[in-house]
Amino acid sequence: MIVRKSLLFLLSLALAPRLLAAQAAPQKVFGYSDFTKQARIEAKFLAVPEAKLAGEHLKTLTAEPHMASTPGDRRTAEYVARKFRSAGLETEIVPYRVLMNQPKVVRVEAYNDAGKLIMTGPTREHVDGDRYQDDPRVTMPFNGSSASGDVTGEVVYANYGRLEDFALLASRRIDLRGKIVLCRYGANFRGVKVYLAEQRGAAGVLLYSDPLDDGFAKGAAYPLGPWRPETAVQLGSVQYLFKYPGDPETPGVASTLDLPDSARVPNERSGNQPRIISIPISYHDAMPILKNLKGAVAPQDWQGGLDFRYHLGPAVKQTGVRVHLVSQQDYQRRIIWDVIGKIKGAEYPSEWVVAGNHRDAWIYGAVDPSSGTAAMLEAVHGVGALLKEGWRPKRTIVFCSWDAEEQGLIGSTEWVEEHGNAMEHAVAYFNVDVAVAGPDFSASAVPSLKQFVRELTRSVPSPLGGTAYQQWRVKSSGNSEHRSSNAPPAPGEEVQVGDLGSGSDFTPFLQHAGVPSTDIGSGGPYGVYHSVFDNFAWYRMNADPKFVYLEEMARVLGLETLRMADSEVLPYDYVTYAREVNAYLEEASRHAADAELGEIDFGQAQAAAARFASAAERVRRRQMAPTGDLGRLNETLREVESALLNPAGLPHRPWYRHTIFAPGEFTGYSAVVLPGVNEAIDAKDKIRARQQLTVLSQALERAAATLEAVR
Ligand SMILES: [Zn+2]
């Protein structure tokens with residue numbers, strides 16, 4: 001860390017005055033026959049976002065806790081609305097009424113085999129010298145969507161709570177019925193851990209942050225460094241968002257204030273809420289439990305960072321640790337506030353370019369999500385400067401500040417559900433969430449926009465010198481974190497753009513409504529995720545002391561929006577899309593062979609993918625030299641993504657309609673590609689696999705036919 005920081009400091013001294021000169025305007029840009037005019041607009045835009053102002057936004061947004069539906073959250077909505085209005089956006093605060101819990105009582109008591117009390121918690125989050133931790137509005141640790149209850153049971157340690165972890169426990173004949181499952185955070189979405197424990201009859205779940213994953217084993221803990229201190233807890237939602245996200249009572253329907261209660265599905269019957277209790281704790285509180293567990297020694301790769309051997313828990317004729325969990329959750333239909341700011345397009349007003357970031361935080365949320373909001377506000381500042389000079393975009397631009405993302409992507413999901421018809425013409429959704437945790441740029445996107453993101457980062461200066469693209473390439477060639485892509489890189493591809501799974505607000509856009517989407521961020525060592533220590537003091541110390549990465553992210557997000565909104569021909573790269581789909585199909589057929597499911601014919605799907613690929617090649621030439629009715633051409637290009645939706649949705653989860661991408665049922669955050677097919681193979685369900693291959697083939701045929709209609 002120290003090395004990285006001092007290097008960064010020297011570089012920024014050497015290169016700061018040349019920042020804007022570092023990149024020349026590109027000559028040839030996909031989507032434009034002549035880029036000259038747009039290059040001037042972009043240069044004007046790029047000069048506006050300012051690190052200092054972004055830092056001021058961040059300070060204001062993180063001045064108080066602002067969990068969804070609280071007075072602090074309302075004040076941040078008003079701040080964002082004021083900034084949108086002063087930039088010249090047509091702005092409204094859009095309320096929804098949605099079911100959410102807030103904690104009344106959360107208690108954990110642990111007893112050893114002699115019945116002696118060894119822990120009561122949760123311990124209040126505390127380090128020496130942090131001036132944010134003691135605010136009375138800081139919520140007690142809890143899980144969004146946790147059930148209420150009072151249960152006592154024996155503890156079983158289940159590692160990360162992945163499918164394979166539960167399989168190992170089953171192979172050791174460890175019965176989870178009535179037990180309390182202790183899982184460490186990491187590897188999958190926390191809701192998946194609870195889902196799998198619930199399916200196996202557990203009475204409750206304790207989630208804790210092991211120091212091996214984001215604590216002292218990684219480096220110095222806050223306030224000495226960026227990693228998680230002993231008492232820090234990761235709050236978070238355990239909603240079953242892989243079934244559907246958003247308001248639990250209104251899947252597929254917007255929870256507007258006038259939606260009658262009779263149109264809501266009562267909570268007891270709704271499909272995305274756990275029925276068992278879960279409570280998040282720190283390793284300070286998990287330690288006495290782990291230390292007193294009996295039974296078999298945990299496998300080596302289940303061992304965390306604490307300095308004693310971990311055990312699985314129960315043993316023959318021996319009681320390990322019993323815990324008593326109390327969770328009283330106040331479930332209410334609560335009001336949340338999205339802030340929506342529009343700029344009407346001059347040529348194609350019904351084609352929306354949407355950019356968004358959530359605003360609500362579990363507590364202060366300096367990195368998650370306020371860095372995203374600060375960056376978005378400086379992007380809006382830049383776009384506002386263009387508006388004041390009389391510029392108008394060709395397409396409508398919509399900036400969105402989502403509420404209640406943390407509880408389960410609620411604000412974005414309800415808004416997308418409300419605007420279903422408009423979404424059919426929305427040409428892109430650009431998400432940012434954790435905008436800045438450090439200096440390493442990364443992106444995920446639908447395949448048709450991977451090249452778009454790469455190309456535009458060549459126009460944005462990096463605080464490290466050169467362009468954002470150049471720094472991205474340097475980091476990619478090293479060993480730093482990647483976003484995972486399910487297809488191998490194309491020849492000559494220097495930086496990898498990941499695939500979109502879930503865990504942020506692009507999910508309703510891409511996977512429900514079929515809007516081509518991207519997600520960007522700048523990462524670094526970040527151990528205080530979803531704790532009270534993700535605050536302004538931590539941010540200044542560890543992530544971005546001079547707010548220059550906020551400025552960079554403001555420029556990238558703003559440029560995505562401008563370049564898409566003004567493009568002559570929509571810059572969708574269907575050649576890459578087809579290549580990736582083909583790679584996914586090859587992988588799926590290997591997967592089917594490994595699963596020994598017998599004869600499953602991929603021929604029809606492969607033929608459809610080949611047809612899609614050759615149509616894409618032909619249309620690419622047309623996109624490079626556009627003539628004739630561009631409005632019609634663009635509409636057709638946009639329809640391709642919609643053609644990949646299956647209106648019936650995925651088996652068992654109809655809200656998810658995309659045939660190529662969905663969050664994994666057992667991973668949550670990371671994408672499962674060809675979800676219908678691959679999940680049928682996982683389930684060893686041959687009939688369903690065949691049926692889903694047909695669904696996929698039809699979608700690819702529709703996409704190909706759409707492209708073939710381009711004259
Ligand atoms: Zn977030």
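None of these values were measured; they are calculated from a predicted model.

Enquirer: Where do I start with the coordination of the zinc ion in this structure?
Expert: Reference values for angles at a metal are 109.5 degrees in the four-donor tetrahedral case and 90 or 180 degrees in the six-donor octahedral case. Protein-derived coordination of the zinc ion comes from His358 (NE2), Asp368 (OD), Asp433 (OD) and Asp433 (OD), at a distance range of 1.9 to 2.6 Å. Written as a sequence motif, the donor residues of the zinc ion are H-x9-D-x64-D. On the criterion of sequence distance, the pair formed by histidine 358 in strand S12 (residues 348-358) and aspartate 368 in helix H9 (residues 366-388) is long-range, its members being 10 residues apart. When its relative accessible area of 0% is taken as the criterion, histidine 358 is described as buried.

Enquirer: Any chance you could explain unusual backbone geometry here in plain terms?
Expert: Note: most peptide bonds trans; most residues except glycine with negative phi. Looking along the chain, the bond that leaves tyrosine 222 and enters proline 223 is cis, with omega of 10 degrees. Here the bond from aspartate 368 into proline 369 is cis, since omega is 10 degrees, no more than 30 degrees from zero. Summarising the element assignment, proline 369 is placed in helix H9. Located in the positive-phi region is serine 145, a residue other than glycine, with phi close to 75 degrees. Relative to the assigned elements, serine 145 resides in the loop between strand S3 (143-144) and strand S4 (149-157). A residue is classified by how much of its surface remains accessible, and serine 145, at 5% relative accessible area, is buried. The phi dihedral of arginine 173 falls on the positive side, at around 60 degrees, and the residue is not glycine. With respect to the element layout, arginine 173 can be found in the loop between helix H5 (163-171) and strand S5 (180-184). Under the relative-accessibility criterion, arginine 173 is labelled exposed at 77%.

Enquirer: How should helix H17 (residues 574-594) be read in this particular structure?
Expert: In an α-helix, one turn spans 3.6 residues; hence positions three or four apart end up facing the same way. Look at H17: 30 Å from first C-alpha to last across 21 residues, which is about the 30 Å you get at 1.5 Å a residue. Tyr574, Val575, Thr576, Tyr577, Ala578, Glu580, Val581, Ala583, Tyr584, Leu585, Ala588 and Ala592 are the residues of H17 that are buried. Capping the start of H17, aspartate 573 holds a side-chain oxygen 3.2 Å from the backbone nitrogen of valine 575, two or three residues further along. One or two positions beyond H17, positive phi appears at glutamate 596, with a value near 50 degrees.

Enquirer: Can you walk me through the environment of leucine 168 in this structure?
Expert: Relative to the assigned elements, leucine 168 resides in helix H5. According to the relative accessible area criterion, leucine 168 is partly exposed, its value standing at 24%. Between the alpha carbons of leucine 168 and proline 299 there is a distance of 9.6 Å; along the sequence they are 131 residues apart. What leucine 168 contacts, discounting residues up to four positions off in sequence, is Pro299 and Trp302.

About the thresholds
- Residues numbered from 1 in each chain as written.
- Predicted model: local features only at pLDDT ≥ 70, side-chain atom pairs only at ≥ 80, totals over all residues.
- Heavy atoms only, no water.
- Donors = N, O, S within 2.8 Å, 3.2 Å for Na, K, Ca; no water.
- Helix = DSSP H or I, 4+ residues; strand = E, 2+ residues; numbered from the N terminus.
- Buried < 20%, exposed > 50% of the residue type's maximum accessible area, 1.4 Å probe, protein only.
- Expected span 1.5 Å × (residues − 1).
- Polar contact = N/O pair within 3.5 Å; in protein donor to acceptor, adjacent residues only side chain to side chain.
- Contact = heavy atoms within 4.5 Å.

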